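# An overview of the molecular structure
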Protein chains: 2
Amino acid sequence: MLRHFGVHAPRLAFNCKSRLVGGCNGQSLIRRAFSAASPPSKAIVYETHGAPDAVAKLVEVAAAEVKENEVCVKMLAAPINPSDINRIQGVYPVRPEPPAVGGYEGVGEVHSVGSSVTSLSPGDRVIPSPPSFGTWQTYIVKDENVWHKIEKGVPIEYAATITVNPLTALLMLEQCVTLNSGDTIVQNGATSMVGQCVIQLAKSRGIHSINIIRDRPGVDEVKERLKDLGADEVFTENELEVKNVKSLLGGIPEPELGFNCVGGHAASLILKFLRQGGTMVTYGGMSKKPVTVSTSSFIFKDLSLRGFWLQKWLSTDKAEESRRMIDRLLRLVQEGKLKYKMELAPFDDFNTALDKALGKHGSQPKQVIKF
Amino acid sequence: MLRHFGVHAPRLAFNCKSRLVGGCNGQSLIRRAFSAASPPSKAIVYETHGAPDAVAKLVEVAAAEVKENEVCVKMLAAPINPSDINRIQGVYPVRPEPPAVGGYEGVGEVHSVGSSVTSLSPGDRVIPSPPSFGTWQTYIVKDENVWHKIEKGVPIEYAATITVNPLTALLMLEQCVTLNSGDTIVQNGATSMVGQCVIQLAKSRGIHSINIIRDRPGVDEVKERLKDLGADEVFTENELEVKNVKSLLGGIPEPELGFNCVGGHAASLILKFLRQGGTMVTYGGMSKKPVTVSTSSFIFKDLSLRGFWLQKWLSTDKAEESRRMIDRLLRLVQEGKLKYKMELAPFDDFNTALDKALGKHGSQPKQVIKF
């Protein structure tokens, strides 16, 4: 399965770093002749769009030059997110043109730095933040600015997965409507990584969460797990086939904010739960069914519907803000206040992890590749 | 068909107005004994909710006392709006409890005023503003504050209809998103009264309008009429069965705001026209079909959907603001810059007008009862 990946021509590779060679004469010489190089690398590459299990291949990548402003990172772990799959399929609106290396977030350790790099040193633990294409590769060379240094104490599977789903959960909770302690949110797809984060982040602010999950085997165990995370209520879709879902709220206030990552009927259930003037934010569509809304929901119930897309938010000059939020999230992880189910998968067995991420083996935890 | 309407007991009726009788002794005596009275009245009343053509009856109403702070108005005209019909049917969320007089807006002439009334005099032309229940009655007695004095030069059919549909059009154009000259809106139901107003109010601000109408006989004439009002483009739903509706925009910018009063497929057409980040405002659902939205419309196209309901807007202490807007609209009417199709119907033939408003005779202009 290993193939040589010759699409990106290897850059010139030298083993000395120009910053360590003070005696070189001439600026251009320093830049060209004394740049460092990455080790040869392995990567998951797709040469065309298509079914991920057909087009994604493990290939060898030649050593790459590390320019003066660049940093070479030995990757430690990177997840397979649904958006990674959609990018390979060619159905995600923002994506690299193939041939391309898969992946969008991850964690690594600085291997070497270019001559003008000052903020990072070999051995530093870093994540691309904002996330950056091509993380499914053992050694990555990217501009210094791409990398955000983090504490080494964070488990690699959390560091590798913090910049997409937990950040989405945090942003949706903090930037869609103003919520106060005692308020309520409702969400479907509550077992998703975003869903698990929403429960915990809401709980940490005293915000109640109503959670909707699919009917599935072992539903009691799932409910128990989500309640352990801080969920106030967990209902299966079938349990909500009642005339008035609000009768199930008990003492919890009606929710003013809902998160929809499923669509179809599961989105309608959120609309039913929302209070007068409430907002539903759509950030996914796992059922592949559209959202259907009655006219009276808009006019008389005054509901607002919108979407959230992390990639768009990040595109509006939010690098610094997102890093501050990432640091907050990583602290919560270290304090044991933010956890979610993952499975570390060896890079050599990428195909099995991909099959699990594609849903071939039923509901599975988030697959995180360990390099 | 005339019946005596004895539900609201007639108030004591005197023929002198206390303000004209300065010699009365004692405050309580003045208040009680020298209040004026309305003439006996005729009204369209429904004693229970139900089909309007079954439950709405023309009845006689006894003379009513005009208290010191009240004004008796001889109504001149009042329209039959869809919301009036829905209130009679009992399906409108805010409605008077039956037995009740129908109608919500109209125009009249002050007949007599209570002793403490200072802002109005007999002969003044007035409208209830904000609108007020029970305008389908020949003489109405309401608090002084209900009535807004207007210019007599405004044709009664416009004065009678200005506070609901034209105000809805103006508010939706001005208070949903910030539009500038050169921007574009898209709407369905463009032949509705709100639709006609939107075209003209947009035009007056240099805002383009894309208009969607039902496929119907005489479509060319309808298009011509809407273009005469200022519509940039008018399409039937069938004409929009193309792969990319935006290819039909010509040189007009993609719309950032859409108005939906139809639902179903006609709402989807608006969503197709909207530009990235656009907003659709739903204010009606003539097709009785819900709005269906793809997940990607929310996430990747960043569309926002909300509703507009005049009655809710008015409920938030907007009386003064709404009167200023009404005055602006009435000036536009007088300047010939705001017109819409109506049909004046004699009060005695209310049933025919109601049948037309109920759609029994196909598409008809707005029915305005002339008392």
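Worth saying up front: this structure is predicted, and the values here are computed from it rather than measured.

About the cut-offs
Residues numbered from 1 in each chain as written. Chains lettered and ligands numbered in written order. Predicted model: local features only at pLDDT ≥ 70, side-chain atom pairs only at ≥ 80, totals over all residues. Heavy atoms only, no water. Salt bridge = Lys/Arg side-chain N within 4 Å of Asp/Glu carboxyl O. Helix = DSSP H or I, 4+ residues; strand = E, 2+ residues; numbered from the N terminus. Buried < 20%, exposed > 50% of the residue type's maximum accessible area, 1.4 Å probe, protein only. Phe/Tyr/Trp six-rings, centres within 6.5 Å; stacked < 30°, edge-to-face > 60°. Lys NZ or Arg CZ within 6 Å of the ring centre and 35° of its normal. Domains from an automatic or database assignment. Contact = heavy atoms within 4.5 Å. Buried area = accessible area lost by both parts, 1.4 Å probe. Pairing = 2+ DSSP bridges. Right-handed = clockwise from strand over helix to strand, strands pointing away.

### As for the pattern of salt bridges
In the structure shown here, the tally under the stated rule is 22 salt bridges over all chains. Between A:Glu174 and A:Arg328 there is a salt bridge; the shortest N-O distance is 2.8 Å. In this pair, A:Glu174 is assigned in helix 5 (residues 165-175) and A:Arg328 in helix 11 (residues 319-334), connecting sequence segments 154 residues apart. Salt-bridge contacts for B:Lys223 lead to B:Glu239; the nearest nitrogen and oxygen are separated by 2.7 Å. Taken together, the positions of B:Lys223 in helix 7 (residues 219-229) and B:Glu239 in the loop between strand 14 (233-236) and strand 15 (257-260) put the pair 16 residues apart, joining distant regions of the chain. On the accessibility criterion, B:Lys223 (16% relative accessible area) is buried. With relative accessibility at 34%, the residue B:Glu239 sits in the partly exposed group. Connected through salt bridges with shared partners, the residues A:Asp53, A:Asp355 and A:Lys360 form a single ionic network.

### What about the packing of aromatic side chains?
Within this structure, the stated rule accounts for 16 aromatic pairs over all chains. Relative to B:Trp309, the ring of B:Tyr92 lies with its centre 5.8 Å away and its plane at 75 degrees, an arrangement referred to as edge-to-face. In this pair, B:Tyr92 is assigned in the loop between helix 3 (82-89) and strand 7 (100-101) and B:Trp309 in the loop between strand 18 (304-307) and helix 10 (310-314), connecting sequence segments 217 residues apart. A relative accessible area of 12% places B:Trp309 in the buried class. Site record: aromatic cluster; members linked through ring pairs are A:Tyr92, A:Trp309 and B:Phe300. The ring of A:Tyr104 carries the charged tip of A:Arg87 above its face, separated from the ring centre by 4.2 Å.

### Let's talk about the domain arrangement of chain A
All names here are of chain A. Each domain of chain A was delimited in the assignment, giving domain 1 (3-161 + 343-370) and domain 2 (165-311). Using C-alpha coordinates to define each centre, domain 1 is positioned 35 Å away from domain 2. Listed as interface residues are ten residues of domain 1 and, on the opposing side, seven residues of domain 2. For the pair domain 1 and domain 2, the summed buried surface comes to about 650 Å²; carbon and sulfur atoms form 51% of the total.

### Looking at the pairing of strand 14 of chain B
All names here are of chain B. Looking at chain direction, strand 13 (residues 208-213) and strand 14 are connected through four bridges and run parallel. Note that in strand 14 the partner of Ile213 across the bridge is Thr236. Remark: the strand 13/helix 7/strand 14 crossover connection has right-handed handedness.

### Describing the environment of B:Lys341
All names here are of chain B. Examined against the element boundaries, Lys341 turns out to sit in the loop between helix 11 (319-334) and strand 19 (342-346). Taking relative accessible area as the criterion, Lys341 reaches 44% and is therefore assigned partly exposed. Separated by 287 residues in sequence, Lys341 and Ala54 place their C-alpha atoms 27 Å apart. Discounting residues that sit within four places of it in the chain, Lys341 has contacts with Gln196, Arg225, Pro365 and Lys366.

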